[in-house]
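Residue-level listing of the chains:
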Amino acid sequence: MQLKNGEQVPWYKVSWVWYIIFMKCAVITACIVTAILIYRNPISMVVDDYYNEGRTINLQMQRVAVAEQRNISFYADISNTDLIIQFRSGEPENSGTLMVTLFHPTTHNFDIEMRLTRSADGAYRFQLPRELYGNWRVDIEPFDREWRVSQNIELPTAERITLLPENYGI
């Protein structure tokens, strides 16, 4: 290589050559790191079997429709860490155990799943692990999963919450 003043300089002493080599190495390193991250942390939102997933969604919507047909609804009282659920209407004859799930909208680690048995006064009680704040989705279903009541709620609230089966227009 020649410089402006006519001197011969070896290639490894020219700065732009090292810049080009560095940039190529940086891109290759970034590709390898990205590939390792993708391999170790696969995307959990992607479903391999869309047909079965669609059938599952339809079954869930049918369970909400069954709750609507039977006019099943609940009252829920949530204060501090106490949860009390009572039937408002449509109480089935065998209503011994209810599966209640509180879904946090953004963090699945905050979700709470409960199996509640009926007390002598007809209420279902549960001691929550912590006080709840923000938006939550409540799912209530019997142990045999024949119907489901699902609704979004805002906590904390001092009022009694009425839970109705919602199918969101689907």
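This is a predicted model, so every value here is computed, not measured.

## Focus: the sheet that holds strand β6 (residues 134-142)
Logical step 1: Pairing is antiparallel across the open sheet formed by 4 strands, whose spatial order is β4-β3-β6-β7. At either end of the open sheet lies a strand with only one pairing partner, and these are β4 (112-117) and β7 (149-155). Here the strands of the sheet are splayed against their neighbours by 25° on average, with no regard to which way each runs.
Logical step 2: As paired elements, strand β3 (residues 97-103) and β4 share 6 bridges and run antiparallel to each other. The residue of β4 that forms the bridge with Thr-97 is Thr-117.

## Remarks on the nonpolar core
Logical step 1: Ranked by internal contacts, the top residues of the largest apolar core, which has 26 residues, are Phe-74, Ile-85 and Leu-163.
Logical step 2: Not counting chain neighbours up to four residues away, the residues in contact with Ile-85 comprise Phe-74, Tyr-75, Ala-76, Val-100, Leu-116, Gly-122, Ala-123, Tyr-124 and Ile-140.

## Side note on the pattern of salt bridges
Logical step 1: This structure, assessed with the given rule, holds 7 salt bridges.
Logical step 2: Two residues, Arg-63 and Glu-141, come together in a salt bridge whose shortest N-O distance is 2.6 Å. Here Glu-141 lies in strand β6 and Arg-63 lies in helix α2 (residues 50-69), a separation of 78 residues in the sequence.
Logical step 3: For Arg-63, a relative accessible area of 17% puts it in the buried group.
Logical step 4: Across the salt bridge formed by Arg-125 and Asp-121, the nearest N and O atoms sit 3.0 Å from each other.
Logical step 5: One continuous salt-bridge network, built from bridges that share partners, spans Arg-63, Glu-141 and Arg-145.

## A look at the confidence of the model for the protein
Logical step 1: Confidence in the prediction for the protein averages 83 pLDDT; 85% of positions are at 70 or higher.
Logical step 2: Helix α1 (residues 15-40) holds the highest mean pLDDT among the elements of the protein, 94, whereas α2 holds the lowest, 71.

## Quick notes on the packing of aromatic side chains
Logical step 1: This model, assessed by the stated rule, comprises 6 aromatic pairs.
Logical step 2: With centroids separated by 6.0 Å and ring planes inclined at 85°, the aromatic side chains of Trp-11 and Tyr-12 adopt a geometry described as edge-to-face.
Logical step 3: By relative accessible area, Tyr-12 is classed as partly exposed at 45%.
Logical step 4: Ring centres 6.4 Å apart and planes at 70° place the aromatic pair Phe-87 and Trp-147 in the edge-to-face group. Highlighted residues: Phe-87 in strand β2 (residues 82-89) and Trp-147 in the loop between β6 and β7, separated in sequence by 60 residues.
Logical step 5: Here a set of aromatic residues connected by ring pairs shows up, and it is made of Phe-74, Phe-87, Tyr-124 and Trp-147.

Criteria and cut-off values
Residues numbered from 1 in each chain as written. Predicted model: local features only at pLDDT ≥ 70, side-chain atom pairs only at ≥ 80, totals over all residues. Heavy atoms only, no water. Pairing = 2+ DSSP bridges. Helix = DSSP H or I, 4+ residues; strand = E, 2+ residues; numbered from the N terminus. Axes fitted to C-alpha atoms, helices over the stretch in contact; angles between N-to-C directions. Core = buried A, V, L, I, M, F, W, Y, C linked by side-chain atoms within 4.5 Å. Buried < 20%, exposed > 50% of the residue type's maximum accessible area, 1.4 Å probe, protein only. Contact = heavy atoms within 4.5 Å. Salt bridge = Lys/Arg side-chain N within 4 Å of Asp/Glu carboxyl O. pLDDT = per-residue confidence, 0-100. Phe/Tyr/Trp six-rings, centres within 6.5 Å; stacked < 30°, edge-to-face > 60°.

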